Amino acid sequence: MSDLKPTVNPTVEQLVERSNRLGADPRNTNYAGGNTSAKGTETDPVTGEDVELLWVKGSGGDLGTLTPGGLAVLRLDRMRALVDVYPGVDREDEMVAAFDYCLHGKGGAAPSIDTAMHGLVDAAHVDHLHPDSGIAIATSADGEELTRTIFGDEVVWVPWRRPGFQLGLDIAEIKEKNPQARGCILGGHGITAWGDTSEEAEASSLWIIETASAYIAEHAKAEPFGPALEGYAALPETERRAKAAALAPTIRGIASADRPMVGHFTDADVVLEFLAHAEHPRLGELGTSCPDHFLRTKVKPLVLDLPASASVEESIARLQELAVSYREDYQGYYDRNATPDSPAIRGKDPLIVLVPGVGMFSFGKDKQTARVAGEFYVNAINVMRGAEGLSSYAPIDESEKFRIEYWALEEAKLQRMPKPKPLATRVALVTGAASGIGLATARKLASEGACVVIADLSLEKAQAAAAEIGSADVAVGVQVDVSDAAAVEAALRATVLAFGGVDLVVNNAGLSLSRSLLETTEQDWDLQHDVMAKGSFLVAKAAARAMIEQGMGGDIVYISSKNSIFAGPNNVAYGAAKADQAHQVRLLAAELGEHGIKVNGVNPDGVVQGSGIFASGWGANRAAVYGVEEQDLGKFYAQRTILKREVLPDNIANAVFVLCTDDLSHTTGLHIPVDAGVAAAFLR
Ligand SMILES: NC(=O)c1ccc[n+]([C@@H]2O[C@H](COP(=O)([O-])OP(=O)(O)OC[C@H]3O[C@@H](n4cnc5c(N)ncnc54)[C@H](O)[C@@H]3O)[C@@H](O)[C@H]2O)c1
Ligand SMILES: [Zn+2]
């Protein structure tokens, strides 16, 4: 039956299942943290003989979603033979390249730095994990003693050592000398456990994790973070969110001084509780410990040293001072630890910013990275709670953190990363994006790397459009009536809380009534002007405030119309509102340039496909005016154009994209006609 399917070795199947189970529970390891392995035999296609192999989770990837393709496959005899050529700990990094000469066949995923630990330990199944409970013991000042007290001789303490070949040799020796041991606590770092069978390894891992956490629950002191700090308790939710949104653009600007970042915000209880207690400034300063954690969080966070009641203005002023000292401090850390062959400094800005009473802002090159950085700081808080509860938190030394952060192997990994997309790190807000031109624009901006907020009248439609574009790391939907100032402010707050700030705003929301002057009611006039003229004014105003606070420039693009230039019958309300929008482009370009904010417009015409405006009466009306069938309207418009081409929503989206790229970095106050050529609407 399974003749046609490539057979998966049962050892591999077990390994993947075990990894997925372990990775599914965040108490067992952090996202993409840790690795697992199994040793077994397969027939060597070259000799027809049995060959002993090591399958080990490759570099990158998450245990929870590991598939056989994520495993590196090495020949065990060759991998172990490396011991004979190992040049010593000073040159242990060279062994990573040597792993490539041990691969079986194409070898699967790239072997990670932890491969040695898995291959050298004499056990058929090995798990290396970063559980908060295990790291709590690993980072306790008296971790070695605690390990003995909690686990007896079944778990052995391994003093901190940077991951690599030597750590693998150390653990292999420990296993050999302690045949009764089921695993070890790796000082400052995590745990490693093993077994003769996959079940046994999994049981050892879970036993260590659960025993550590039960011990912490039973023996930890009542207030591991110290007594409650007067004035530092969490603000009520609405107030807290409002303050977070008011601070977000400034904080993103701080985190982006060296390079633009996407932000993530959380006000999870665990964060608020940490910040509400007396020891948080000291612990914050000590920084994170597990290498996985501080590679994503930087060695330490920036902590606002003001109570929850501090005003937004006070908080902003203090954050700006703290940002300066954070950067000096980071430069000091680099200078103290760098050697002549260290990679260049990578940016001095914080990746984690903590605001008492409010929550945590975390940053990364995209939303997923920013979110995971926040998750890792939550892991670190859990670790500190456990360690302080039993003993005192003692992370690895600064110099060791530096050796990890500026490790040549880490640098090589960064250099291998694909070039970012043109709009990477940019946060876009597109109004009226649940349909037509707006939807096509949101899709285009997302496909070019932007994070996108889809704002429209119907929350349901906005969310459906966002879901079609991607996960919440890529696009989110929010409800807004752009003619309502309070609703616009709320949409801006939602935007900055979703992605940290805003860089790119597309004033696209609109609707169209085609009526003669005498048939146009006052309500018609007001509606057209409220949604398009006033609506885009309100959105531009709210967005510009955030952009100015961020200090990262920005783009505001108006979807105006050919009708802002062209005069024809039955169009007085719509055409005048479009002309208003078109002049806002010039006015705001003149005003906002000093903040690096460019303001441009796109003038579409005759976009029938996908347009709600055309589907809801305007199309029928226009068709009647021109004496053609409604379904032929797109072709009719095409024939009126110079290029004789139908204009599609994607054509407008492409123009918006171009306006926002670096290619047009020196262009503001411009309108781009996207109408396939209409001489009567030429700009002059
Ligand atoms: N389709 C064309 O040929 C054409 C030509 C020139 C200009 N435009 C302009 O392009 C923009 C998009 O038009 P489309 O053709 O994609 O239409 P569409 O009807 O498909 O999309 C407009 C979207 O705006 C939303 N919207 C309306 N009022 C809103 C409000 N008060 N607050 C928030 N959202 C609101 C609608 O719900 C809808 O999803 C409009 O500004 C329109 O005037 C379109
Ligand atoms: Zn590790």
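The structure reproduced in this document is the subject of the present report. For clarity, every value in this text was computed on a predicted model and none was experimentally measured.

Thresholds, definitions, all that
Residues numbered from 1 in each chain as written. Chains lettered and ligands numbered in written order. Predicted model: local features only at pLDDT ≥ 70, side-chain atom pairs only at ≥ 80, totals over all residues. Heavy atoms only, no water. Pairing = 2+ DSSP bridges. Helix = DSSP H or I, 4+ residues; strand = E, 2+ residues; numbered from the N terminus. Axes fitted to C-alpha atoms, helices over the stretch in contact; angles between N-to-C directions. Contact = heavy atoms within 4.5 Å. Buried < 20%, exposed > 50% of the residue type's maximum accessible area, 1.4 Å probe, protein only. Donors = N, O, S within 2.8 Å, 3.2 Å for Na, K, Ca; no water.

Okay, the sheet that holds strand E8 (residues 190–195) next. Strand pairs in the sheet, formed through backbone hydrogen bonds, run parallel or antiparallel to each other. Pairing within the open sheet is mixed, and its 8 strands lie in the order E4-E3-E2-E1-E5-E8-E7-E6. This sheet does not close on itself; its edge strands, each paired only once, are strand E4 (103–108) and strand E6 (155–158). Between one strand axis and the next, the sheet turns by 20 degrees as a mean value, whatever way the strands run. Relative to E6, helix H6 (residues 143–151) is tilted by about 175 degrees, and along the sheet it contacts E6 and strand E7 (183–186). Its contacts with the sheet place helix H7 (residues 165–177) against E6, E7 and E8, and it is angled at close to 145 degrees to E6.

Now for the sheet that holds strand E15 (residues 475–479). Ordered by their spatial adjacency, 7 strands build an open sheet running E15-E14-E13-E16-E17-E18-E19, and the pairing between neighbours is parallel. Of all the strands in the sheet, just E15 and strand E19 (671–674) have a single pairing partner and so form its edges. When strand polarity is set aside, the average angle formed by the axes of neighbouring strands in this sheet is 20 degrees. Direction of pairing for strand E17 (residues 554–559) relative to strand E18 (residues 597–604): parallel, over a ladder of 6 bridges. When the sheet's bridge partners are listed, Gly554 is paired in E18 with Ile597.

The buried fraction of strand E2 (residues 50–57) amounts to 6 of the 8 residues, a majority that puts the element mostly inside the structure. As paired strands, strand E1 (residues 35–43) and E2 are joined by 7 bridges and run antiparallel to one another. By the bridge assignment for E2, Thr41 is matched with Glu52.

Every protein donor of the zinc ion (ligand 2) is listed here as His128 (NE2), His130 (NE2) and His189 (NE2), and their distances to the metal cover 2.0 to 2.1 Å. Donor residues binding the zinc ion (ligand 2) come from one chain and are separated in sequence as H-x1-H-x58-H. Taken together, the residues His128 in strand E5 (residues 125–129) and His189 in the loop between E7 and E8 connect sequence positions 61 residues apart. Taken individually, His128 and His189 each receive the classification buried, so the pair is uniform in this respect.

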